[in-house]
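Inside the fold
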Amino acid sequence: MARTHTKPDRGANEDVALVLQGGGALGAYQAGAYEGLIKQARHVSWVAGISIGAINAAIIAGNAPHQRLERLRTFWEQVSSKSLPATIFDGIWARTFLNQFSASTTTLVGVPGFFDLRIPPAALMPPGTVGASSYYDTAPLRTTLERLVDFDLLNSGDIRLSLGAVNVETGNLTWFDTANQRIGPEHIMASGALPPGFPAVEIEGAYYWDGGLVSNTPLQYIMDEQKSQSDLCVFQVDLFNARGVLPASVWQSEAREKEIRCSSRTRFNTDMMRRLHDTSAAARRLYDKLPAAMKSDPDALALLKGAADPHITIAHLIYRPTKYEGGSMDYEFSRSSMLDHWHAGKADAEHTVNHPDWKNRQRSTECVQVFDLSNH
């Protein structure tokens, strides 16, 4: 348990960042979490996303605070607009059937405002021609983004936006960041261009695929790029849970494999941050012991990062699937599932920020704190 003391509250000087993982249809959980966090996330200064997280992140960064929730709702209502009414289904088996039917519809038709099935199919197209390398056409997503995102506002610097994508030819993870460049619809689409479903996206002569192929969670990028000495509060919203149970069927094995492959490694990252903090603190103590003549030595100065490392607090919100969801949950876009995901995200976020441990977090002496306070 973190030690406590009576130093002044640090909240007033705290930067707020949102970290949004990839996960397709599960991304409605992130939108719901944003609604639950809206009081604390109103002054968010940085949003980082991959895949569906990139779309949610762009909608947040590309709209004024009073419009963000409305635009998120518009997007998620549009992509879930073609589905059977949930009122005719009752019980786990019925919902399982509905989900499977909805996922099948997605594969056969596509998702409104997101992607369309290619006709003729990619398998019948000559190699190298348009449409030969992906099953779906993502042109509808560009239209949707241009309608829902104000790209001048997105690039204004009010909120920093970082999106991860993979260079198809080098295999390296690339970051598109408004701190360094202007971001347009193509950068968002590149972050979510998961092959072979979606085509690679060309940007300045290079081609990019979904950033989740290398890393599905952009937490490490924020940690590496954090330059400010201000304390940092990160709301990390994950769509896949690393923890689970032993599968009892091939269908459960498919779902569990995807959870493990796509989940984040938050504990590994935070343990590494703690080690770096301890090393930095030891370097500062050693520097203070040096003779005056050695304190200007370049090697001695290189060990110093500042007066002190900032405090980093991570609120980890993780979607936990229901009993009727399986391996297709990330491409199952029914309205009922979308609402379930949204409500779960909102409930988890509200529970976290109202939890006593979260409210008392400012008193801790720990350099890095991680909270998973979801009500499960």
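Criteria and cut-off values
- Residues numbered from 1 in each chain as written.
- Predicted model: local features only at pLDDT ≥ 70, side-chain atom pairs only at ≥ 80, totals over all residues.
- Heavy atoms only, no water.
- Helix = DSSP H or I, 4+ residues; strand = E, 2+ residues; numbered from the N terminus.
- Rg over C-alpha atoms; globule rule 2.2 N^0.38 Å.
- Contact = heavy atoms within 4.5 Å.
- Lys, Arg positive; Asp, Glu negative; His and termini not counted.
- Charge placed at Lys NZ, Arg CZ, Asp CG, Glu CD.
- Axes fitted to C-alpha atoms, helices over the stretch in contact; angles between N-to-C directions.
- Parallel < 35°, antiparallel > 145°, perpendicular 65-115°, else oblique.
- Nonpolar A, V, L, I, M, F, W, Y, C, P; charged D, E, K, R; others polar.
- Core = buried A, V, L, I, M, F, W, Y, C linked by side-chain atoms within 4.5 Å.
- Buried < 20%, exposed > 50% of the residue type's maximum accessible area, 1.4 Å probe, protein only.
- Phe/Tyr/Trp six-rings, centres within 6.5 Å; stacked < 30°, edge-to-face > 60°.
- Pairing = 2+ DSSP bridges.
- UniProt positions renumbered as here; feature names shortened; annotations may be inferred.
- Salt bridge = Lys/Arg side-chain N within 4 Å of Asp/Glu carboxyl O.

1. Focus: the overall build of the protein chain
Along its length, the protein chain carries 14 helices and 12 strands. What you see for the protein chain is a C-alpha radius of gyration of 22 Å, in line with the 21 Å of a compact globule of 376 residues. Dimensions along the principal axes, computed over C-alpha positions, put the protein chain at roughly 75 × 50 × 45 Å. Intrachain contacts of the protein chain at a sequence separation of at least 6 include 74% that bridge at least 24 residues. The averaged location of the 41 negative side-chain charges in the protein chain is 6 Å from the averaged location of its 36 positive side-chain charges.

2. Focus: the packing of helix 4 (residues 65-79) against helix 13 (residues 335-353)
For any two helices packed against each other, one specifies the crossing angle of their axes together with the interaxial distance. Close contact between helix 4 and helix 13 brings their axes to 10 Å; oriented N to C, the two are set at 150°. By the angle between their axes, helix 4 is roughly antiparallel relative to helix 13. Judged by residue contacts, Leu69, Leu72, Arg73, Trp76 and Glu77 of helix 4 engage Arg335, Met338 and Trp342 from helix 13. Class assignment of the residues belonging to the contact of helix 4 with helix 13 gives a composition of 5 nonpolar, no polar and 3 charged.

3. Things to note about the nonpolar core
Among the nonpolar cores identified, the biggest contains 69 residues, and Trp76 and Phe114 are the most heavily contacted of them. In terms of residue count, helix 3 (residues 52-61) provides more of this core than any other element does, 8 residues in total. In this structure phenylalanine 114 touches Ile52, Ile55, Val79, Asp137, Thr138, Pro140, Leu141, Phe198 and Phe333, once residues within four positions along its chain are discounted.

4. Some words on the environment of alanine 302
You can see alanine 302 is positioned in helix 12 (residues 298-302). Distance from alanine 302 to alanine 283, taken between C-alpha atoms, is 9.8 Å for residues 19 residues apart in sequence.

5. Here we look at the packing of aromatic side chains
Within the structure shown, the criterion is met by 13 aromatic pairs. Ring geometry for tyrosine 136 against phenylalanine 198: centres 6.4 Å apart, planes inclined by 80°, an arrangement best described as edge-to-face. With tyrosine 136 in strand 5 (residues 136-137) and phenylalanine 198 in the loop between helix 8 (185-191) and strand 8 (201-203), this pair connects stretches of sequence that are 62 residues apart. For the pair tyrosine 136 and phenylalanine 198, one class covers both residues: buried. Centre to centre, the rings of phenylalanine 176 and tyrosine 208 are 5.2 Å apart; their planes meet at 80°, and the pair counts as edge-to-face. Taken as a pair, phenylalanine 176 in strand 7 (residues 173-177) and tyrosine 208 in strand 9 (residues 206-210) lie far apart in primary sequence, 32 residues in all.

6. A closer look at the environment of glycine 27
Take glycine 27: it is sitting in the loop between strand 1 (14-20) and helix 1 (28-36). C-alpha of glycine 27 to C-alpha of threonine 217: the two residues are 190 residues apart in sequence and 13 Å apart in space. Excluding anything up to four places from it in sequence, glycine 27 contacts Ile52, Asn56, Trp76 and Leu239.

7. Here's the deal with the sheet that holds strand 5
Across the sheet, which stays open at both edges, the 3 strands sit in the order 3-4-5 with antiparallel pairing between neighbours. Two strands in the sheet have a free side with no partner beyond their single neighbour: strand 3 (110-111) and strand 5. Two strands pair when backbone bridges link them, and strand 3 and strand 4 (residues 115-117) are joined in this way by 2 bridges, in the antiparallel orientation. Residue pairing in the sheet places glycine 110 in a bridge with aspartate 116 of strand 4. Its contacts with the sheet place helix 5 (residues 92-109) against strand 3, strand 4 and strand 5, and it is angled at close to 75° to strand 4.

8. Section: the UniProt feature "active site" (unreviewed entry) in the protein chain
Residues given the UniProt feature "active site" (unreviewed entry) here are Ser51 and Asp210. The greatest C-alpha distance among the annotated residues, which extend across 160 residues, is 6.0 Å, indicating that they converge on a single site. With residues up to four places along the chain from it excluded, the contact list for serine 51 reads Gly22, Ser191, Gly192 and Asp210. Note that aspartate 210 resides in strand 9.

9. Some details on the pattern of salt bridges
As enumerated under the stated definition, the model contains 12 salt bridges in all. The closest approach of N and O atoms between arginine 142 and glutamate 146, which form a salt bridge, is 3.7 Å. Of this pair, arginine 142 and glutamate 146 both sit in helix 6 (residues 139-148), separated by 4 residues, roughly a single helical turn. Judged by its relative accessible area of 47%, glutamate 146 falls in the partly exposed class. When the shortest N-O distance is used, the salt bridge between arginine 182 and aspartate 152 registers 3.0 Å. Taken together, the residues arginine 182 in the loop between strand 7 and helix 8 and aspartate 152 in helix 7 (residues 151-154) connect sequence positions 30 residues apart. Each of Glu35, Arg73 and Lys346 takes part in a single network of salt bridges with overlapping partners.

10. Things to note about the pairing of strand 7
The sheet contact formed by strand 6 (residues 160-167) and strand 7 spans 5 bridges and is antiparallel. Across the sheet, the residue bridging to leucine 163 is phenylalanine 176, located in strand 7. Counting the residues in the hairpin turn of strand 6 and strand 7 gives 5 residues, including glycine 171, whose phi is positive at 75°.

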